[in-house]
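# Secondary and tertiary structure notes
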Amino acid sequence: MMRIVIVGGGPVGLMAACELRLYGIETVVLERREDIDPTIKAGGIQARGVAALDRRGLADRVRAAGGDWMRNMVSLMQQHGIRGHFSGLFVLRESDYGDDPMLPVRQQALEAVLNERALELGVEVRRGQAVRQWSQDPDGVTVTVTDTDDPDGESYDLRADWLIGADGGRSAVRKGGAFAFPGTDGVITGYQAVVDLDDPDFLPLGWTRRPNGMVVNGPTPGRILIVGFDGPPADRDAPVTLEELQSALRHISGTEVGIRSISTVTRFTDNARQADTYRDGRVLLAGDAAHVHSPFGGQGLNLGLGDAVNLGWKLALVALGRAPHSLLDTYTAERHPVAAQVLDNTRAQVALMYPGPHTDALRGIFTRLLEQDDANRWLTDLISGNDLRYDLGSDLDAIGRFCPDLVMSTGGSDTARLAVLQRSGRGQLLILETEAETEGETEAEAEESQDTAQWIKTASQWGDRVEVTVGTCADAPSRAVLVRPDGFTAWTAESEQPLEDALGLWFGAAE
């Protein structure tokens, strides 16, 4: 039986596992931790990640798991009109893609939902398991696994047809393969923490630049982020003591604020690196294993979830023999430029935080630019992922863009949402008409009926990989739209490429 092993049981690894199980593939997740890591991490998902979760029926479950913390954050964001920030400069424009341009939720809550969903789908999640090494041959990959608690103890070999490394920035999978990891070294030492302060109002809520760096107070009580520009940490693995954190907070804030206790803390820097390719034979990388950057702008989860949903269906079709291996080449081709752009904009955010009059002047100009609607919209779309368009070889603007959540009338009072249709993980061919087009049987409408019949006949040859829905849609972008499982438009009725060619390119040979 086909088996795919995923190393790393965080959100990216679990999302990829869920994608593979939609195609019935045996999937094993190896996670070195016994439980979900409680350390403070990401606090939100940007628009494109929210949409990806919605198209698998998970967005509402994540909202419910967010609890009071998420509800308080949503209220705070609505009160101040905040939808995100760039280097502490807030972008305020609404998204064109639904009500959640940014969903504030702790990473642990997201991970819990994805773990639950993975188990529902039949994913085997093995916790407390670390990868010692791996090797591949033309037929598959052998992974040597040991218990995390006893790394020098007895190990076992796990055979897989494919291996995905979703094991973070220090990925053992990446380090064991033919992956270069070029980039830039860190210049900052940062801390994120939830603490009990003796003076919660030591600085105003929000982002404050000081002569020695940047301090973020809030948005929830006791949550702080501090950034110093004295270089990267000497030892990122050393435990962060209360004395170290308090010293850094006082030095950068310029106050005598005291920390009574620490609930959770993490130390970070801004090294920005990216694998030169995301595939080495039967081994693929996703999430932080493929790219690392600073957390500014909250883009890491978005980026990793995007990797998972781009890779999952492609690997599933290739692994099942329904599509050629060349389909996997599009994974690196599409996702590598997306991560490169995130690395660049996070570097730019660090540059805009530097203390000193030169950066003061630059931030002043940048702030004025953000008062312009076009500039604010551009930056909002940049950090939320709404500007993403894959180069699929077409001049049509819709091709390669994320397809909006179209709502179709399919007869009588029945309706269908694209987001709901996509929960199967299959491609979707939507054949759409306006209400006016259904009222009479003109010559043009008869021709459209012939088109509809031909499109349905053509798509039926990919019936196990592509589902067809015919309906009316008031805001139809085209008479027909082919949407990939990851939500991106691959073909429209206006395309010069025939439908059968697009289906063959993205879903393999016809039956």
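Residues numbered from 1 in each chain as written. Predicted model: local features only at pLDDT ≥ 70, side-chain atom pairs only at ≥ 80, totals over all residues. Heavy atoms only, no water.

## Considerations on the overall build of the protein
The condition that has to hold: Helix and strand assignments follow DSSP, with helices taken as H or I runs no shorter than four residues and strands as E runs no shorter than two, numbered in order from the N terminus. All radius of gyration figures rest on C-alpha atoms, and the globule criterion is 2.2 Å times the number of residues raised to 0.38. Burial classification: accessible surface area is computed with a 1.4 Å probe over protein chains only, and a residue below 20% of its type maximum counts as buried, one above 50% as exposed, and the rest as partly exposed. Residue contacts are defined here by distance: any two heavy atoms, one from each residue, within 4.5 Å place the two residues in contact. In short, Shrake-Rupley with a 1.4 Å probe defines the accessible areas, and a residue's cover is counted only from the protein chains shown. We count Lys and Arg on the positive side and Asp and Glu on the negative side, and we leave His and both chain ends out. Note on charges: their place is set at NZ of Lys, CZ of Arg, CG of Asp or CD of Glu.
A tally of regular secondary structure across the protein gives 13 helices and 27 strands. Taking 24 Å as the expected radius of gyration for a compact globule of 511 residues, we find that the protein reaches 24 Å, a close match to that expectation. For the protein, buried positions account for 54% of its 511 residues. Counted over contacts in the protein with a minimum sequence separation of 6, partners at least 24 positions apart contribute 72%. Per element, the accessible surface of the protein, about 21,600 Å² overall, is 49% carbon and sulfur. The average position of the 48 basic charges and that of the 76 acidic charges among the side chains of the protein differ by 5 Å.

## Details of the sheet that holds strand 12 (residues 183-184)
Across a sheet, strands are paired by hydrogen bonds formed along the backbone, either parallel or antiparallel in direction. The following threshold applies: By the convention used here, strands pair only if DSSP detects at least 2 bridges between them.
The strand order across the open sheet built from three strands is 12-18-21, with neighbouring strands paired in antiparallel fashion. Looking at which strands have only one partner, the edges of the open sheet turn out to be strand 12 and strand 21 (291-292). Alignment of strand 12 against strand 18 (residues 272-274), held across two bridges, turns out to be antiparallel. In the strand pairing of strand 18, T184 is matched with A272.

## Some words on the packing of helix 7 (residues 300-319) against helix 8 (residues 326-351)
Axis angle and axis distance: for two packed helices, these are the angle between their axes and the distance between the axes, and together they describe the pair. The condition that has to hold: Throughout, an axis means a line fitted to C-alpha atoms (over the contacting stretch in the case of helices), and angles, computed between N-to-C directions, take values from 0 to 180 degrees. Orientation categories follow fixed angle ranges, with anything under 35 degrees roughly parallel, anything over 145 roughly antiparallel, 65 to 115 roughly perpendicular, and all other angles oblique. Under the scheme applied, nonpolar residues are Ala, Val, Leu, Ile, Met, Phe, Trp, Tyr, Cys and Pro; charged residues are Asp, Glu, Lys and Arg; polar residues are all the others, including Gly.
The contact between helix 7 and helix 8 brings their axes to 9 Å, and the two run at 175 degrees. Judged by the angle between their axes, helix 7 and helix 8 are roughly antiparallel. In contact with L303, G306, D307, N310, L311, W313, K314, L315, L317 and V318 of helix 7, helix 8 contributes L327, L328, T330, Y331, E334, R335, V338, A339 and V342. Of the residues assigned to the contact of helix 7 with helix 8, the class counts are 12 nonpolar, three polar and four charged.

## Let's talk about the sheet that holds strand 9 (residues 140-147)
Spatial strand order, 8-9-10: three strands in an open sheet with antiparallel pairing. Strands with a single pairing partner mark the edges of an open sheet, and in this sheet they are strand 8 (129-137) and strand 10 (155-160). Averaged over neighbouring strand pairs, the angle between their axes works out to 25 degrees when direction is ignored. Relative to strand 10, strand 9 runs antiparallel, the two sharing six bridges. Note on strand 10: the bridge partner recorded for T146 is S155.

## Section: helix 1 (residues 11-21)
Most of helix 1 sits inside the fold, with 10 of its 11 residues counted as buried. For helix 1, the set of buried residues is P11, V12, G13, L14, M15, A16, A17, C18, E19 and L20.

## What about the packing of aromatic side chains?
Let me state the cut-off plainly: Each pair of aromatic rings taken from Phe, Tyr and Trp, with Trp reduced to its six-membered ring, is defined by centres within 6.5 Å and is described as stacked if the planes are under 30 degrees apart, edge-to-face if over 60, and tilted in the remaining cases.
Overall, the coordinates contain 10 aromatic pairs when judged by the stated rule. On the basis of an interplanar angle of 35 degrees and a centroid distance of 5.8 Å, the ring pair of W313 and F507 is categorised as tilted. Here F507 lies in helix 13 (residues 499-507) and W313 lies in helix 7, a separation of 194 residues in the sequence. For F507, a relative accessible area of 0% gives the class buried. Ring geometry for W455 and W491: centres 6.0 Å apart, planes at 80 degrees, overall edge-to-face.

## Observations regarding the layout of surface pockets
Keep this limit in mind: As defined here, a cavity is a set of points on a 1 Å grid over the protein atoms alone where a 1.4 Å probe fits but cannot get out. A pocket is an open set with protein on both sides within 12 Å along at least five of seven lines, and residues line them when an atom is within 4 Å of a point. Grid points are joined across faces, edges and corners, and a volume is the space filled by probe spheres set on the points.
A volume near 360 Å³ is recorded for the second largest pocket. What lines the second largest pocket is a set of 24 residues, among which R335, V338, Q341, L388 and Y390 lie closest to the centre. Contributing elements (two or more residues each) for the lining of the second largest pocket: helix 7, helix 8 and helix 10 (373-384). Here the lining of the second largest pocket is built from residues that sort into 11 nonpolar, seven polar and six charged.

## What to know about the side chain of T208
Checked against the element boundaries, T208 lands in strand 14 (residues 206-210). Once residues lying within four places of it in the same chain are set aside, the contact partners of T208 are L203, G213, M214 and V215.

## Quick look at the side chain of K314
As a reminder, the rule being used: For the purposes of these results, a polar contact is taken to be a pair of N or O atoms within 3.5 Å, where, inside protein, one atom must be able to donate a hydrogen and its partner to accept one; residues adjacent in sequence count only when each atom of the pair is a side-chain atom.
Here K314 shows up in helix 7. K314 sits in the buried class, given a relative accessible area of 0%. Side-chain polar atoms of K314 contact the side chain of T330, separated by 2.9 Å.

## Focus: the pattern of salt bridges
Basically, it comes down to this: Salt bridges, as used here, are contacts in which a Lys or Arg side-chain nitrogen is within 4 Å of a carboxyl oxygen on Asp or Glu.
By the definition in use, this model includes 29 salt bridges. Residue K41 pairs with D37 through a salt bridge whose shortest N-O separation is 3.3 Å. Across the pair R267 and E244 runs a salt bridge, and its minimum N-O distance is 3.0 Å. Highlighted residues: R267 in strand 17 (residues 259-268) and E244 in helix 6 (residues 242-253), separated in sequence by 23 residues. The partly exposed category is assigned to E244, whose relative accessible area is 25%. Beyond isolated ion pairs, a larger network of salt bridges with shared partners links D54, D405, R417 and R423.

## A few points about a nonpolar patch on the surface
Cut-off, in case you're wondering: Like charges are joined within 9 Å and nonpolar side chains (Val, Leu, Ile, Met, Phe, Trp, Tyr) within 5 Å, but only among residues with over 30% relative accessible area and no salt bridge; these make up the patches.
On the surface, a nonpolar cluster with roughly 190 Å² of combined accessible area is contributed by I456, V468 and V470. Within the fold, I456 resides in helix 12 (residues 443-459).

## Here we look at unusual backbone geometry
Note that the residue after G218, namely P219, is joined by a cis bond; omega there is 10 degrees. As for its placement among the helices and strands, P219 is situated in the loop between strand 15 (213-217) and strand 16 (223-228).

## Comments concerning the environment of L429
Turning to its location among the elements, L429 is positioned in strand 24 (residues 427-433). Residue classification places L429 among the buried positions, given a relative accessible area of 0%.

## Concerning the packing of helix 2 (residues 47-54) against helix 7
Note the cut-off: Each crossing is labelled by how the near helix is turned from the far one, with a counterclockwise turn of less than a right angle marking it left-handed and a clockwise turn marking it right-handed.
Viewed as axis vectors pointing N to C, helix 2 and helix 7 meet at an angle of 40 degrees, and their least axial separation amounts to 8 Å. Comparing the axis directions of helix 2 and helix 7 gives the class oblique. Crossing hand, helix 2 versus helix 7: left-handed. For the pair helix 2 and helix 7, contact is made by A47, R48, G49 and A52 and by N302, L305 and V309, respectively. Taken together, the residues of the contact of helix 2 with helix 7 sort by class into four nonpolar, two polar and one charged.

## Quick word on the environment of T359
Following the sequence through the fold, T359 ends up in helix 9 (residues 357-370). Residue classification places T359 among the buried positions, given a relative accessible area of 10%. A C-alpha to C-alpha distance of 25 Å links T359 and S247, two positions 112 residues apart in sequence. Leave out the neighbours within four places in its chain, and T359 touches R209, A351, L352, M353 and Y354. For T359, the side chain forms a polar contact with the main-chain oxygen of Y354, separated by 3.3 Å.

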